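So the chains spell out like this:
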Amino acid sequence: MQSDASPKEQFSISVFGLGYVGSVVAALLASRGHKVIGVDVIQSKVDAMNAGEATFHEPGLAELTSGAHRAKLLRATTDTAEAIAGTDISLVCVGTPSTAAGSLDLAFVEEVTGNIGAALRAKSTRHHLIYRSTMLPGSTRGLVDTHLKDLVDDLKLQVFFYPEFLRQGTAVKDMIEPSLSVVGSYDPEVDISAIRKIFDASTEQTDLESAELIKYACNAFHAAKVSFANEIGRISKGIGVDAVNVMRVICQDTRLNISPYYLRPGTPFGGSCLPKDVSALNHLSRSRALSTPMLDSLLASNEDHMDHLTEMVETAASPRVLLLGLSFKEQTDDLRGSAAFELATRLLLKNYDVGIYDPLIVPANFTGAVGRIASLRLPNLTSLLKSDLAAALREKDTIVVFNRCADVSHLAEHLAPRHKIIDVASWPELASLSASYTGICW
Ligand SMILES: NC(=O)c1ccc[n+]([C@@H]2O[C@H](COP(=O)([O-])OP(=O)(O)OC[C@H]3O[C@@H](n4cnc5c(N)ncnc54)[C@H](O)[C@@H]3O)[C@@H](O)[C@H]2O)c1
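Residues numbered from 1 in each chain as written. Predicted model: local features only at pLDDT ≥ 70, side-chain atom pairs only at ≥ 80, totals over all residues. Heavy atoms only, no water.

1. Some remarks on the side chain of Lys-215
Part 1: Tracing the backbone shows Lys-215 in helix H9 (residues 208-239).
Part 2: There is no salt bridge for the buried Lys-215, and the closest opposite charge comes from Glu-164, which lies 7.0 Å off by N-O distance.
Part 3: Engagement of the side chain of Lys-215 in a polar contact is seen with the backbone oxygen of Glu-164, the distance being 2.7 Å.
Part 4: Not counting residues up to four positions away in its chain, the partners in contact with Lys-215 are Thr-134, Pro-163, Glu-164 and Phe-165. (Helix = DSSP H or I, 4+ residues; strand = E, 2+ residues; numbered from the N terminus. Buried < 20%, exposed > 50% of the residue type's maximum accessible area, 1.4 Å probe, protein only. Lys, Arg positive; Asp, Glu negative; His and termini not counted. Salt bridge = Lys/Arg side-chain N within 4 Å of Asp/Glu carboxyl O. Polar contact = N/O pair within 3.5 Å; in protein donor to acceptor, adjacent residues only side chain to side chain. Contact = heavy atoms within 4.5 Å.)

2. Some remarks on H9
The α-helix winds at 3.6 residues per turn, so residues separated by three or four positions along the chain end up facing the same way.
Part 1: Look at H9: 47 Å from first C-alpha to last across 32 residues, which is about the 46 Å you get at 1.5 Å a residue.
Part 2: Those residues of H9 that sit buried are Leu-208, Ala-211, Glu-212, Lys-215, Cys-218, Glu-231, Ile-232, Gly-233, Ile-235 and Ser-236.
Part 3: Capping the start of H9 is the job of one residue whose side-chain oxygen sits 3.3 Å from the backbone nitrogen of Glu-209: Asp-207.
Part 4: Following H9 by one or two positions, Gly-240 adopts a phi angle in the positive range, close to 80°. (Expected span 1.5 Å × (residues − 1).)

3. A short note on the sheet that holds strand E3 (residues 74-77)
Part 1: Taken together, eight strands build an open sheet; the order of strands is E3-E2-E1-E4-E5-E6-E7-E8 and the sheet is mixed. Either end of the sheet is taken by a strand with one partner, and the two such strands are E3 and strand E8 (204-207). Strand after strand, the sheet turns through a mean of 25° between neighbouring axes, direction not considered.
Part 2: Relative to strand E2 (residues 35-39), strand E1 (residues 12-16) runs parallel, the two sharing five bridges. Across the sheet, Ser-14 pairs through a bridge with Ile-37, a residue of E2.
Part 3: Together, strand E5 (127-131) and strand E6 (157-161) form the strand contacts of helix H6 (residues 139-153), whose direction differs from that of E6 by roughly 165°.
Part 4: Of the strands in this sheet, E6, strand E7 (182-185) and E8 are in contact with H9, which crosses E8 at around 110°. (Pairing = 2+ DSSP bridges. Axes fitted to C-alpha atoms, helices over the stretch in contact; angles between N-to-C directions.)

This is the structure:
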């Protein structure tokens, strides 16, 4: 299989670890015209690459490997120093397995990093080191601090974390057209144009820890999707409906279901539907003895998020709190399942002096369930509501922002350095106001 045409710029690249990831990376980059040296501690893998052969089945890999070998662009060695001396860029693709206790085992990455560091000290030219092995946030920085700090400080080495998103079985295709491309850099100012040229022009740049977390978040998301589909599948079978068809129809909604919607950290979920319907579904599973631990955990997870927000307000250490927004989301006056409403009741029980600014909330207009909830759980709501934002800000110290019910220029005019903003609404302009600012998850 031939991939893209020859590169405009040719790089010399060493790839450490010739497993499922490293073999594909090495063969693909060589097929693009780069000079690649593979490195592994297993002699048989090195011998196979030097013979132009793939050591495992992966569609397209055998053709890429033999083609790159024939073009004399791909070879392998067990000798780290030789590979480092002959290349300008190194990719680390060694395994990062689980320990017996389930934690991350970095032994292979530690070893290979130590070897690369020693080889780099014997070299005079500048080098780029790119970790592709999956590692928890903080790992790359820890490896630099332990093994490579002198080289980084002397500007002999640039370090990156560039997670790999390929899937076995479609690895070559995934590498040619990555589903996602993000690189974390040790030096936040560094130019990543070489990485964009080698791999993917659309590569995003972040700090190391974000890139490391993004890889884990992606895999956790994939695992959550599989578990979700399987739990909906068990419920479907339990009540005698076709799970495949149910999930097929669910996936047709690309506005709310298969989309970025509901994927922004911020307020706990609420409203008249989500908590009620999750609760009913949980009862259905229990009544049919169907095991759905992930779906059963949703309300508890939401409650934890509510506790986290309450603790943030308590940590702000002022009894005078103003809530901006009371409804469960913007552009509605519905209080059912509202996190702001829940926070108000929690704080009042703890004798906080609570004020609420939300021009859409008019208790005289409440009817039905909203009126019942308000009179039952927040009977003094009318006295808490403030119509004059400037006066309310003067009275309070902690400002919890649930929605954009106020004008940012109005807030800028009346906020002072003594105010502490807790942003639940993901409203970035608030961070530039004269008050102190913290987000619920940022
Ligand atoms: N397999 C996948 O589908 C996949 C996808 C994305 C990311 N990842 C991640 O990529 C990394 C590699 O995964 P893999 O499946 O290719 O692992 P693997 O176990 O197949 O290969 C790892 C290779 O590293 C070699 N190695 C170990 N120590 C070495 C050293 N000191 N010097 C040189 N080589 C050494 C091993 O001999 C082995 O050949 C892991 O962190 C994994 O989580 C894997």
